[in-house]
Amino acid sequence: LALMRDRGVCADKVTYSSLFHACARGKVWNVALSLLRRMGAEGLQLDTITLTALMVACLSGRQWARALHVFGDGRVKPDTVLFNVALNACEKGLRWSDALRLLDEMPRRRATPDVVSFNTAVGACAGGLQWALIIGLLAKMHLSAVVLDLLTFNSSASGCVKG
């Protein structure tokens, strides 16, 4: 960033998104959060793409709670992909109740749950040994006309066996 600034080139959202992805690959979530502060100081606002990249950087460093915090701070109107990253954070943090809350919140926020959304919620419930909720999610997928895939069946079976 300093080199860019020295050459008169301004960083933009694409620059920061790329930097957040680099932080994810390097598992340096703390650097990503520092870059977020710098981004704000430069007057740049997060959008769905940059927030997704930031959350992935947090998750790569096993900072699922931080990922959920930046998701929930209300700076960005979440889309399905962003909700799916938040659901992934819930799964990694064994926060099955939060995963179900987010899944229910998606339609109210004009985001359509897809097979990834449901599979991740199933995974969160499986991690929490909530087999009855897994059965409910399968029914909800059917009612929502979301096509179940192999991961759905495997995660559901695994979760039900454990629970």
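The structure contained in this document is the topic of the report that follows. (Residues numbered from 1 in each chain as written. Predicted model: local features only at pLDDT ≥ 70, side-chain atom pairs only at ≥ 80, totals over all residues. Heavy atoms only, no water.)

## Looking at the packing of aromatic side chains
(1) Moving on: For the structure shown, the criterion picks out two aromatic pairs.
(2) Moving on: Consider the rings of Tyr16 and Phe20, whose centres lie 6.4 Å apart with planes at 50 degrees: the pair is tilted. Note that Tyr16 and Phe20 are positioned in helix α2 (residues 13–26) at a spacing of four residues, about one turn of the helix. Just as Tyr16 is buried, Phe20 falls in that class too.
(3) Moving on: Geometrically, the ring pair formed by Phe71 and Phe83 is edge-to-face, given 5.3 Å between the ring centres and 70 degrees between the ring planes. Placement of the pair is Phe71 in helix α5 (residues 64–72) and Phe83 in helix α6 (residues 80–92), with a sequence separation of twelve residues. Comparing Phe71 with Phe83, the two get one shared label, buried. (Phe/Tyr/Trp six-rings, centres within 6.5 Å; stacked < 30°, edge-to-face > 60°. Helix = DSSP H or I, 4+ residues; strand = E, 2+ residues; numbered from the N terminus. Buried < 20%, exposed > 50% of the residue type's maximum accessible area, 1.4 Å probe, protein only.)

## Here we look at the state of the cysteines
(1) Moving on: Following the criterion strictly, the structure yields zero disulfides and no others.
(2) Moving on: Unpaired in this structure, Cys23 has its nearest cysteine sulfur neighbour in Cys58, at a distance of 9.4 Å.
(3) Moving on: Among the residues examined, Cys23 registers a relative accessible area of 5% and is labelled buried. (Disulfide = S-S within 2.5 Å.)

## Details of the environment of Phe83
(1) Moving on: You can call Phe83 buried: its relative accessible area is 0%.
(2) Moving on: Residues contacting Phe83, with those up to four places away along its chain left out, are Phe71, Pro78, Leu102, Glu105, Met106, Arg109 and Ala111. (Contact = heavy atoms within 4.5 Å.)

## Description of the pattern of salt bridges
(1) Moving on: According to the stated counting rule, one finds eight salt bridges in the structure shown.
(2) Moving on: A salt bridge links Arg5 to Glu42; the nearest nitrogen and oxygen atoms lie 3.7 Å apart. A residue pair is termed long-range when its members are at least 10 positions apart, and Arg5 in helix α1 (residues 2–6) and Glu42 in the loop between α3 (29–41) and α4 (48–60) qualify at 37 residues.
(3) Moving on: Glu42 gets classed as partly exposed once you look at its relative accessible area, which sits at 34%.
(4) Moving on: The partner of Arg75 in a salt bridge is Asp73, and the shortest N-O contact between them spans 2.7 Å.
(5) Moving on: Residue Arg75 is classed as partly exposed on the basis of its relative accessible area, which comes to 49%. (Salt bridge = Lys/Arg side-chain N within 4 Å of Asp/Glu carboxyl O.)

## Comments concerning helix α10 (residues 150–162)
(1) Moving on: Over its 13 residues, α10 extends 18 Å from the first C-alpha to the last, a length consistent with the 18 Å expected when each residue adds 1.5 Å.
(2) Moving on: Taken together, the buried positions of α10 are Thr152, Ser155, Ser156 and Gly159. Around the axis of α10, the buried residues are gathered within 100 degrees of arc, so they sit on the same side. In α10, the exposed residues that point more than 90 degrees away from the buried face are Leu150 and Val161.
(3) Moving on: Considering only its buried residues, α10 is in contact with α8 (115–127) and α9 (131–143).
(4) Moving on: The backbone nitrogen of Leu151 lies 3.2 Å from a side-chain oxygen of the residue at the head of α10, namely Asp149. (Expected span 1.5 Å × (residues − 1). Arc of directions from axis to C-beta. Polar contact = N/O pair within 3.5 Å; in protein donor to acceptor, adjacent residues only side chain to side chain.)

## Some details on unusual backbone geometry
(1) Moving on: Positive phi, normally seen in glycine, also occurs at Leu94, with a value near 55 degrees.
(2) Moving on: Relative to the elements of secondary structure, Leu94 occurs in the loop between α6 and α7 (96–108).
(3) Moving on: You can call Leu94 exposed: its relative accessible area is 52%.
(4) Moving on: Backbone geometry at Leu129 places phi at a positive 60 degrees, although glycine is not the residue there.
(5) Moving on: Mapped onto the fold, Leu129 is located in the loop between α8 and α9.

Purely geometric numbers; function is a separate question.
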